[in-house]
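# A structural walkthrough
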Amino acid sequence: MGKGKNEVFGKKIYWHSTAHIMAQAVKELFPDVKLGIGPAIESGFYYDFDCQEVTPDSTTAYTFTPEDLEKIEKRMREIIKKDYKFVRKEIKKSEAISLFKKLKEDYKLELLNELNKGITIYSCDNFIDLCEGPHIPSTGRIKAFKLLKVAGAYWRGNEKNPMLQRIYGVSYPSQRELDEHLKKLEEAKERDHRKIGKELDLFNIFEEAGPGLVCWTPKGTIIKEIIEAFWKEEHLKRGYQLISSPHIAKTDLWKTSGHYEYHYEGMAELKFGNENYVLKPMNCLFHILTYKTRIRSYKELPIRYAELGTVYRYERSGVLHGLMRVRGFTQDDAHIFCREDQMVDELTGVLELAQYMIKTFKFTGYQVDLSVREPGARGGYAGSDEDWEKAEETLVQVLEAKKLDYKRVEGEAVFYGPKIDIKLFDAIGRAWQGPTIQLDFNLPQRFNITYIGKDNKPHQVFLIHRTVLGAMERFIGCLIEHYKGAFPIWLSPVQVAVATISQDLEDYANEVTEKLKSHDIRVQLLSGAEKIGFKIREASLMKIPYILIIGKREKIAKNVSIRERGKGDIGSFKLDTFINLLTKRIRNKD
RNA sequence: GCCGGCAUAGCUCAGUGGUAGAGCAGCUGUUUUGUAAACAGCAGGUCAUUGGUUCGAAUCCGAUUGCCGGCUCCA
């Protein structure tokens, strides 16, 4: 299947039909399961099953074993071989209700309750399912499939509902395409930042220290520091002022902001002397206090405070994931205090900076979401309807001016305002929120953040919270997967390995190493008794961009022999020539 | 937090009720080397923790912790 729009559509039909075949097989093998839903997803399909009745005496629901999956696959093959037709039928709601009542499909009945017209069912041999369709004509069209994993999933995604068993799978019109898909999944594992992080010795998360708390190694810290230095430089260029704030603040401050009630689960409170303090889950309050240290004139605005601020949030144990979701992380935070007439320029500036970051780090795939309110939802949101409408209008204006493809997502906004979220993808296609630009109608009110206007009267400021990377941990996690550990030279913890062929060449190798160091190049000398092949292998596995081979010939000619990552031996050069080439590449973030 | 799986040496992994294993890494020695792994020896483990079953547990059962895949959550 290609990438054309029709074919993508076809893929969904193909996968959805395979989900039906799977449901049929499961129902035949486990007649007491109740069906949930079985849609096609980004890459494949799933179907949810309630297994409570499979073992009616047990207090816990039956769960599918790997052996069950094999049995289900076997049964699916038989159904496919029979080449049953998928038959579509439109029926009345009342008929549908009595049909699914008879079948004891409680979940289908629940879905039916919310449907009014155009109710269709699909049958295939003796299997009937409530389904909008469309489907492929017959089961025989499925040529290759595999069931991949089984997982728990709440009915309708609500944790108050029963947990169903979800089986994931994928199918293709040929074995070759299926094999390619499976191979891609295998290859994606090689990009996993947790694996690469260990191999390249970039970071650790110690059980002894606590889950979700990252300890950067010397190599990881180099990467982090370089990114942070770059970040600071770019912010100063753009009129931001750097500030820095402590890790804790009095609980009362978080009560004033409203965070205390709302964010309680994720916030850690501690006794500090005789008073209660909160371990900061965000940096904004310190920025606001700094703003409020004096009366501000309209002439001073916009004020842009930026900080690489480390925050702590209690994330539930099941959601932690390497560097991508942690409990302590450094936000590349900034707060912009501005007037309404400055909003468009400020938002545009932030969006441009975020795009510049993405471009500099050479991210190709990302997604832009415009997160707005739940339609019709009234309570629980700060700000007036008018505020929200105007804010959305402004955000749209900015996005369209930048000609960005974006998706409007209702209900994704936070309670205090709408936002633009930029999502980065990991190796297996999971989206992680990186940069975010959020408008805040809440804090300016609660803290009475104002400026004195031309009219000599106080006006409420417009507050923008924003990150252009997201958080250092997550951003570097995405970077590792994006580069597969082969960082561009400006970010590489070790930029050059100097490898001697025999130990009597150490003098010249030292001379080369010192010269590189004097040009601020990060260099590692491999001067041990090992053979050159061993040293090359070591340096290659560490993904060092350049390896300089030092042998007798090089020493006599005062040359270095160069191996470039991904290219191999590129020949002998004068050291100065190499340094020029290298410093240019570093400068250009090539 | 929920569902399922997993946890053996620094790393990658073997070991299904009867004395804890390999490769790599480490240390010591030999080798002095020309573009992705030289050779030998040595050392290294309360089998995550904990309770139970058993004459006997890495192995079977329970609890806890952590990790993995989902779900939910995520200012």
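Here, every reference points to the structure presented above.
Criteria and cut-off values
- Residues numbered from 1 in each chain as written.
- Chains lettered and ligands numbered in written order.
- Predicted model: local features only at pLDDT ≥ 70, side-chain atom pairs only at ≥ 80, totals over all residues.
- Heavy atoms only, no water.
- Helix = DSSP H or I, 4+ residues; strand = E, 2+ residues; numbered from the N terminus.
- Buried < 20%, exposed > 50% of the residue type's maximum accessible area, 1.4 Å probe, protein only.
- Pairing = 2+ DSSP bridges.
- Axes fitted to C-alpha atoms, helices over the stretch in contact; angles between N-to-C directions.
- Phe/Tyr/Trp six-rings, centres within 6.5 Å; stacked < 30°, edge-to-face > 60°.
- Lys NZ or Arg CZ within 6 Å of the ring centre and 35° of its normal.
- 1 Å grid on protein atoms, 1.4 Å probe; cavity = no way out; pocket = protein on both sides within 12 Å on 5 of 7 lines; lining within 4 Å.
- Points joined across faces, edges and corners; volume = space filled by probe spheres on them.
- Nonpolar A, V, L, I, M, F, W, Y, C, P; charged D, E, K, R; others polar.
- Arc of directions from axis to C-beta.
- Contact = heavy atoms within 4.5 Å.
- Patch = residues over 30% accessible without salt bridge, like charges linked within 9 Å, V, L, I, M, F, W, Y side chains within 5 Å.
- Areas by Shrake-Rupley, 256 points an atom, 1.4 Å probe, with all protein chains shown as cover.
- Salt bridge = Lys/Arg side-chain N within 4 Å of Asp/Glu carboxyl O.
- Lys, Arg positive; Asp, Glu negative; His and termini not counted.
- Charge placed at Lys NZ, Arg CZ, Asp CG, Glu CD.
- Polar contact = N/O pair within 3.5 Å; in protein donor to acceptor, adjacent residues only side chain to side chain.

### Notes on the environment of Ile 532
Among the structural elements, Ile 532 can be located in helix H16 (residues 532-541). The exposure class of Ile 532 is partly exposed, given its relative accessible area of 24%. Taking the C-alpha atoms as reference points, Ile 532 and Leu 185, 347 residues apart in sequence, are found 35 Å from one another.

### Details of the sheet that holds strand E12 (residues 248-250)
An order of E12-E14-E13 is seen for the three strands of this open sheet, with the pairing classed as antiparallel. Single-partner strands in this sheet number two, and they are E12 and strand E13 (268-272). Averaged over all neighbouring strand pairs, the angle between strand axes comes to 40 degrees, with direction disregarded. Sheet topology note: the E13/strand E14 (residues 275-279) ladder contains five bridges and is antiparallel. Each residue of the ladder has a partner; that of Glu 269, found in E14, is Val 278.

### Concerning the packing of aromatic side chains
The full count for this structure, using the stated rule, is 24 aromatic pairs. The interplanar angle of 90 degrees and the centroid separation of 6.1 Å between the aromatic rings of Trp 15 and Tyr 172 together place this pair among those described as edge-to-face. In this pair, Trp 15 sits in helix H1 (residues 5-29) while Tyr 172 sits in strand E8 (residues 163-172), placing the two residues 157 residues apart along the sequence. The same class applies to Trp 15 and to Tyr 172, which are both buried. Taking 5.0 Å as the distance between ring centres and 80 degrees as the angle between the ring planes, the aromatic pair formed by Phe 361 and Phe 475 counts as edge-to-face. Of this pair, Phe 361 sits in the loop between helix H11 (343-360) and strand E17 (366-372) while Phe 475 sits in helix H14 (residues 472-483), and the two are 114 residues apart along the sequence. The two residues Phe 361 and Phe 475 agree in class, both being buried. Among the aromatic residues, ring-to-ring pairing joins Phe 230, Tyr 356, Phe 361, Phe 363, Phe 475 and Trp 490 into one connected group. Residue placement shows Arg 166 over the ring face of Tyr 46; its charged tip is 3.6 Å from the ring centre.

### Concerning the layout of surface pockets
Taken as a whole, the largest pocket encloses approximately 2,300 Å³ of empty space. For the lining of the largest pocket, the elements supplying multiple residues, two or more each, are H1, strand E3 (44-50), strand E7 (144-154), E8 and helix H5 (175-191). No other element matches the twelve residues that H5 contributes to the lining of the largest pocket. When its residues are assigned to classes, the lining of the largest pocket shows 16 nonpolar, eight polar and 19 charged.

### A closer look at H16
Within H16, burial applies to Lys 535, Ile 536 and Ala 539. An end-on view of H16 places all buried positions within 100 degrees of arc, on one side of the element. Of the surrounding secondary structure, the elements contacted by the buried residues of H16 are strand E24 (496-500), strand E25 (523-526), strand E26 (546-550) and strand E27 (559-564). Directly after H16, the chain includes Lys 543, whose backbone phi takes a positive value near 60 degrees.

### Focus: a negative patch on the surface
On the surface, Glu 386, Asp 387, Glu 389 and Glu 393 cluster together to form a negatively charged patch. In this fold, Asp 387 is placed in helix H12 (residues 385-401).

### Structural notes on the side chain of His 287
Here His 287 is to be found in helix H10 (residues 284-291). A polar side-chain atom of His 287 sits 2.8 Å from a polar atom in the side chain of His 335. Those residues in contact with His 287 that sit more than four places away from it in its chain are Ile 243, Tyr 305, Ala 306, Glu 307, His 335 and Phe 337.

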